[in-house]
Amino acid sequence: MSQTIAPATPASSVPPTPEPDTGTGTGTDLSALARRHGLTVSGARPALPDYVRALWSRRHFIGAFATARLTAQYSQAKLGQIWQIMTPLLNATVYYFIFGVLLNTKHGVPDFIPFLVTGVFIWTFTSNSIMTGTRAISGNLGLVRALHFPRAALPIAFALQQLQQLLFSMGALVVILVCFGQYPAVGWLLALPALLLQSLFNTGVSMAVARLAARTPDISQLMPFLLRTWMYVSGVMWSVDKVTSGDELPHVVTVILQCNPAAVYIDLMRFALIDSYTAGQLPPHVWAVALGWALLAGVGGFLFFWKAEEEYGRG
């Protein structure tokens, strides 16, 4: 009876037992909570098969986006879509005057005007595909950040736009060929697989530069100088076979010039469309090299772009 009994402590004043801190600062494992409710990381890179399926499911968007860009490209010009033909023709005229007349590169080259115009049209297809690829992501950040879709759809659409523009311009090329005595023949059908391989190559390179330019926008400023240098060594205005036929060049330089992908695709189109080239035998390595470059650039560029899928639009 003499012992003192301490008053009971109200339950409301008992401090709660702290939950274990998982490093998030909230006492809750957020990643486990997200998994429990079926949530995933927004913008995470999907597996390659899932990515390909998602890209295929948006093929209609890719086609419509490319067509819309092609239509709007010269919408502010008075001549409109005529510039799609006039631009490569004007380039060919300038190159003919400088290289064909002043530097006399036409000497010993049969059918030089069809030779030159074909080279300019095919080279323009490659250079424009790569140049627009540098702006595929960096120039469409609003679209990339607002919508969730496979980012590869953008460089593919840009490359498809350039293919559509080339096909639109091929009408002028055919007229020029006919005017200089190059009439349609069965051999012209070889232009179709040549364009298919070149399109695959251009798309792969476009995706590769799209990833590089998304991280380093200055690449789009450097690319015109690289493309101009590449054009001068690709036989657009001069004959690669004529230059490499002698013994003046080292063997390694000859191999590099002959295996240059731009020169290979230009040669395939010239052999398909110009009689004086189809009359000779097409070097056996050309189709093999064209296929190799198409697979290397197409598959390699796609995988290279896919690896950075979750990085586009951030920063």
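These numbers come from a predicted model, not from an experiment.

Moving on: the overall build of the chain. Across its full length, the chain holds 14 helices and zero strands. In the chain, the order of α-helices and β-strands from amino to carboxyl end is α-α-α-α-α-α-α-α-α-α-α-α-α-α. Here the chain holds 315 residues, and the buried ones make up 41% of them. In the chain, 78% of the contacts between residues at least 6 apart in sequence involve partners at least 24 apart. Entry remark: accessible area of the chain is about 17,600 Å², with carbon and sulfur atoms responsible for 67%.

A separate point is the side chain of Thr254. Along the chain, Thr254 turns up in helix 11 (residues 251-259). Leaving out residues up to four positions away in the same chain, Thr254 has contacts with Thr244 and Leu249.

For the chain, per-residue confidence averages 83 on the pLDDT scale, and 85% of positions sit at 70 or higher. Confidence drops under a pLDDT of 50 for residues 1-14, and excluding neighbours within four residues, the segment shows zero contacts in the predicted structure. A low-confidence stretch, residues 21-27 (pLDDT under 50), is modelled with six contacts involving residues beyond four sequence positions or located in other chains.

Of note, the phi angle at Asp111 is positive, near 50 degrees, even though the residue is not glycine. When you line up the elements, Asp111 lands in the loop between helix 4 (83-102) and helix 5 (112-133).

The next point concerns the nonpolar core. One finds Met237, Met269 and Leu273 to be the most contacted residues of the largest nonpolar core, which totals 56 residues. Among the elements of the structure, helix 4, helix 5, helix 7 (153-179), helix 8 (191-215), helix 9 (219-232), helix 12 (261-273) and helix 14 (285-307) are those that each provide at least two residues to this core. Discounting chain neighbours no more than four positions away, the residues touching Met269 are Thr118, Ile122, Met170, Ala191, Ala194 and Leu195.

Let us look at a nonpolar patch on the surface. A surface patch of nonpolar side chains, about 550 Å² in accessible area, is lined by Val94, Phe97, Ile98, Val101, Leu102 and Leu103. Mapped onto the elements, Phe97 comes out in helix 4. The partly exposed category is assigned to Phe97, whose relative accessible area is 48%.

Looking now at helix 14. In a regular helix each residue adds 1.5 Å, so 23 residues correspond to 33 Å; helix 14 covers 32 Å between its end C-alpha atoms and thus fits that length. Three or more residues of helix 14 are buried, namely Val286, Val289, Ala290, Ala294, Ala297, Gly298, Gly301, Phe302, Phe305 and Trp306. Looking at the buried side of helix 14, the elements it contacts are helix 2 (48-57), helix 7, helix 8, helix 11 and helix 12.

It is worth spelling out the environment of Phe201 at this point. Structurally, Phe201 is set in helix 8. Sequence separation between Phe201 and Gly298 is 97 residues; the distance between their C-alpha atoms is 5.3 Å. Apart from residues lying up to four places away in sequence, Phe201 is in contact with Thr126, Trp230, Pro261, Tyr265, Trp293, Ala294 and Ala297.

What follows concerns the packing of helix 5 against helix 7. The description of two helices packed together rests on the angle between their axes and the distance between the axes. Relative to each other, helix 5 and helix 7 sit at 170 degrees, their axes nearing to 9 Å. With respect to helix 7, the axis of helix 5 lies roughly antiparallel. Between helix 5, through Ile113, Pro114, Val117, Thr118, Phe121, Phe125, Asn128, Ser129 and Thr132, and helix 7, the contact on the second element is made entirely by Phe158, Ala159, Gln162, Leu163, Leu166, Ser169, Leu173, Ile176 and Leu177. Residue classes in the contact of helix 5 with helix 7 are distributed as 12 nonpolar, six polar and no charged.

Conventions adopted
- Residues numbered from 1 in each chain as written.
- Predicted model: local features only at pLDDT ≥ 70, side-chain atom pairs only at ≥ 80, totals over all residues.
- Heavy atoms only, no water.
- Helix = DSSP H or I, 4+ residues; strand = E, 2+ residues; numbered from the N terminus.
- Buried < 20%, exposed > 50% of the residue type's maximum accessible area, 1.4 Å probe, protein only.
- Contact = heavy atoms within 4.5 Å.
- Areas by Shrake-Rupley, 256 points an atom, 1.4 Å probe, with all protein chains shown as cover.
- pLDDT = per-residue confidence, 0-100.
- Core = buried A, V, L, I, M, F, W, Y, C linked by side-chain atoms within 4.5 Å.
- Patch = residues over 30% accessible without salt bridge, like charges linked within 9 Å, V, L, I, M, F, W, Y side chains within 5 Å.
- Salt bridge = Lys/Arg side-chain N within 4 Å of Asp/Glu carboxyl O.
- Expected span 1.5 Å × (residues − 1).
- Axes fitted to C-alpha atoms, helices over the stretch in contact; angles between N-to-C directions.
- Parallel < 35°, antiparallel > 145°, perpendicular 65-115°, else oblique.
- Nonpolar A, V, L, I, M, F, W, Y, C, P; charged D, E, K, R; others polar.

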